[in-house]
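Descriptive analysis of the structure
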Amino acid sequence: MTQYIFPADFVWGSATSSYQIEGAWNEDGKGESIWDRFAHTPGKIKDNSNGDVACDHYHRWPEDVQLIKSLGFNAYRFSVAWPRVFPDGRGAINPPGVDFYNRLVDGLLEAGITPYATLYHWDLPQALQDEGGWGNRATAEAFAEYADVVSRALGDRVKNWITINEPWCVSLLSHLIGAHAPGLHDGPLALRAAHHALLAHGLAVPVLRANSPGAEVAITLNYTHPTPATLAPAPTAAADYSATRLFDGFFNRWFFDPVHGRDYPADMVTYYTEQGFLPNGMQDFVQPGDMEIIAAPTDYLGVNYYTRDVIKAAPDGSGWASAPEAAPLERTDMDWEIYPDGLYSLLCRLHFDYQTPKIIITENGASYPDGPGPDGKVHDQKRIDYLRSHFAAVARARAAGAPVAGYFVWSLMDNFEWGEGYLQRFGTVWVDFETQARIPKESVLFVGEVMQANALDA
Ligand code: IFM
């Protein structure tokens, strides 16, 4: 048994996002988002559900704030729904939408909980999508206007800002793979979208700093740990390694490199050119000065980590393929392998390779099909095991020198898990979606003990 100690000022929080919990999709002047449109389109969500009601947090936020407080978290990461503030994406502000977040922030502060506000967690106003969405450079400019309005309203009290959540999902998952709104399959568009999402981040950084003096500003990137399916001396090892390196470029380096001032990775520019994703070259959407804007110094990097990907060379030699046959570890309900060493590696990679000055884990957690037992309690031992192993990975990375300053568990409560609907429960609080009852799971009691002690036995 090892005891890991966390520093006294370590941030312990839980996280959610607007579309996943708020509901009230068309109340008080809110505009339609791309997720409203996507989820209302038959066949897009596995259980044919949507976020119309979700956790009804829009109406139940006071009790949710009390819940967060009672669980012992000292920070809460939420996101602002852009179409609540600007129903048309820009132009006329919707005051009731801004008031909602004003009340939420006041409530959090009264409860002694530090708010971490994410400006974009995927609910783009549909009006902007109708003008080209993230494929359109004007969306990045509209984001800066939105960041200005929100930070003028909340910036006296919110001192922790995250611009964009997971630009890989905003761009490649949504515009190439098509699993998320707007559900497209267009490689060139996906790369434009990625650039404009990063540009939006960079444009917002000085705006947030100006309107929220003393605030810490960050972007959140998601990371998957790329692992080659075979190692030397297997005859496939060299090809699997090259494929893994490409996959790392696709998922990780395309985003981690530019925000660290390294430009887009040259090997991936070559690869995407060969794939026909850059028919007019990078200069088609990268304008002079953009890379400096994207690399605007931030106060920390937010990282979301869940799993690894085991990769082999594609049979036709053109890229990578998933290698489930070489991925034998226990899995969560999302079918994601449990691999805490990937979190350790990420944190060390950021520290030793990228020299990231400060890191906060803005999401980490696990989905399991849990529910209350005969005693009315939710015994989610597997989630406890998952969290314990990942807390230990954080502590080990800290011991190796990685400047990790905080950890937010995903998620505060069960919620709308995007294309999976309500079939996946990531919450540390169980939600009955019929009655909206909330029951803290045993895992959140475990997290509470760790937070209280600021220490972990593992
Ligand atoms: O629920 C999502 C969250 O919105 C973004 N990061 C990953 C989580 C689990 O899939």
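The following paragraphs examine the structure supplied in this document. Keep in mind the model is a prediction, meaning the values are calculated, not measured.

1. Quick look at the site of the ligand
All residues in the neighbourhood of the ligand are listed as Gln20, His121, Trp122, Asn165, Glu166, Tyr306, Trp336, Glu363, Trp410, Glu417, Trp418 and Phe426. Glu166 places a polar side-chain atom, nitrogen or oxygen, 2.8 Å from a nitrogen atom of the ligand. Protein chains bury 94% of the 280 Å² of accessible surface belonging to the ligand in isolation. Each residue belonging to the shell around the ligand can be placed in one class, and the counts come to 6 nonpolar, 3 polar and 3 charged.

2. Side note on the packing of aromatic side chains
Counted by the stated rule, this structure contains 45 aromatic pairs. Look at Phe100 and Tyr101: their rings are 4.8 Å apart centre to centre, the planes differ by 70 degrees, and that puts the pair in the edge-to-face class. For Tyr101, a relative accessible area of 1% translates into the label buried. Ring plane angle 45 degrees and centroid distance 6.2 Å describe the contact between Phe256 and Tyr354, whose orientation is recorded as tilted. On the criterion of sequence distance, the pair formed by Phe256 in helix α10 (residues 237-259) and Tyr354 in helix α13 (residues 340-354) is long-range, its members being 98 residues apart. Its relative accessible area of 7% is what places Tyr354 among the buried residues. Within the aromatic cluster, the residues linked to one another by ring pairs are Trp168, Phe247, Phe250, Phe251, Trp254, Tyr264, Tyr271, Tyr272, Phe277 and Trp320. Above the face of the Tyr339 ring, Arg308 is positioned so that its terminal group lies 4.6 Å from the ring centre.

3. Quick look at the pattern of salt bridges
A full pass over the atoms with the stated rule returns 28 salt bridges. The salt bridge partner of Arg157 is Asp106, with a shortest N-O separation of 2.8 Å. Remark: Asp106 occurs in helix α5 (residues 95-110) and Arg157 occurs in the loop between α7 (137-154) and β5 (160-165); sequence separation between them is 51 residues. Asp106 sits in the partly exposed class, given a relative accessible area of 32%. When salt bridges with common partners are traced through the structure, they connect Asp370, Asp380, Arg383, Asp414, Arg425 and Lys441 into a single cluster.

4. Notes on unusual backbone geometry
Peptide bonds are mostly trans, and most non-glycine residues show a negative phi. Between Ala232 and the following residue, Pro233, the backbone shows a cis peptide bond with an omega angle of 15 degrees. Counting through the fold element by element, Pro233 comes out in the loop between β6 (216-228) and α10. Across the junction of Trp410 and Ser411, the peptide omega takes the value 10 degrees, indicating a cis bond. Relative to the elements of secondary structure, Ser411 occurs in the loop between β10 (404-410) and β11 (429-431). Phi is positive for Asp263, which is not a glycine, with a value near 70 degrees. The topology assignment puts Asp263 in the loop between α10 and α11 (266-274).

5. Here's the deal with the packing of α13 against helix α14 (residues 381-399)
Packing of α13 against α14 leaves a shortest axis separation of 8 Å and a crossing angle of 25 degrees. Compared by their axis directions, α13 and α14 come out roughly parallel. For the element pair α13 and α14, the recorded crossing hand is right-handed. Contacts between α13 and α14 involve Pro340, Asp341, Leu343, Tyr344, Leu347 and Cys348 from the former and Ser389, His390, Ala393, Val394, Arg396 and Ala397 from the latter.

6. Overview of helix α8 (residues 167-175)
Summarising burial for α8: 9 of the 9 residues are buried, a large majority. Within the span of α8, buried status applies to Pro167, Trp168, Cys169, Val170, Ser171, Leu172, Leu173, Ser174 and His175.

7. A closer look at the pairing of strand β3 (residues 75-79)
By the criterion of burial, β3 is predominantly enclosed, with 5 of the 5 residues buried. Covered by surrounding structure in β3 are Ala75, Arg77 and Ser79 together with Tyr76 and Phe78, the residues of both alternating faces. Bridge analysis of strand β2 (residues 11-15) against β3 gives 3 bridges, and the strand direction is parallel. When the bridges of β3 are listed, Ser14 appears paired with Tyr76. Sheet topology note: the β3/strand β4 (residues 114-120) ladder contains 5 bridges and is parallel.

8. Some thoughts on the environment of Lys377
Positionally, Lys377 belongs in the loop between β9 (359-363) and α14. With a relative accessible area of 48%, Lys377 lands in the partly exposed category. Residues Lys377 and Glu442, 65 residues apart in the sequence, show an inter-C-alpha distance of 7.6 Å. With residues up to four places along the chain from it excluded, the contact list for Lys377 reads Gly371 and Pro372.

About the criteria used
- Residues numbered from 1 in each chain as written.
- Predicted model: local features only at pLDDT ≥ 70, side-chain atom pairs only at ≥ 80, totals over all residues.
- Heavy atoms only, no water.
- Near = heavy atom within 4 Å.
- Polar contact = N/O pair within 3.5 Å; in protein donor to acceptor, adjacent residues only side chain to side chain.
- Areas by Shrake-Rupley, 256 points an atom, 1.4 Å probe, with all protein chains shown as cover.
- Nonpolar A, V, L, I, M, F, W, Y, C, P; charged D, E, K, R; others polar.
- Phe/Tyr/Trp six-rings, centres within 6.5 Å; stacked < 30°, edge-to-face > 60°.
- Buried < 20%, exposed > 50% of the residue type's maximum accessible area, 1.4 Å probe, protein only.
- Helix = DSSP H or I, 4+ residues; strand = E, 2+ residues; numbered from the N terminus.
- Lys NZ or Arg CZ within 6 Å of the ring centre and 35° of its normal.
- Salt bridge = Lys/Arg side-chain N within 4 Å of Asp/Glu carboxyl O.
- Axes fitted to C-alpha atoms, helices over the stretch in contact; angles between N-to-C directions.
- Parallel < 35°, antiparallel > 145°, perpendicular 65-115°, else oblique.
- Left-handed = near helix turned anticlockwise from the far one by under 90°.
- Contact = heavy atoms within 4.5 Å.
- Pairing = 2+ DSSP bridges.

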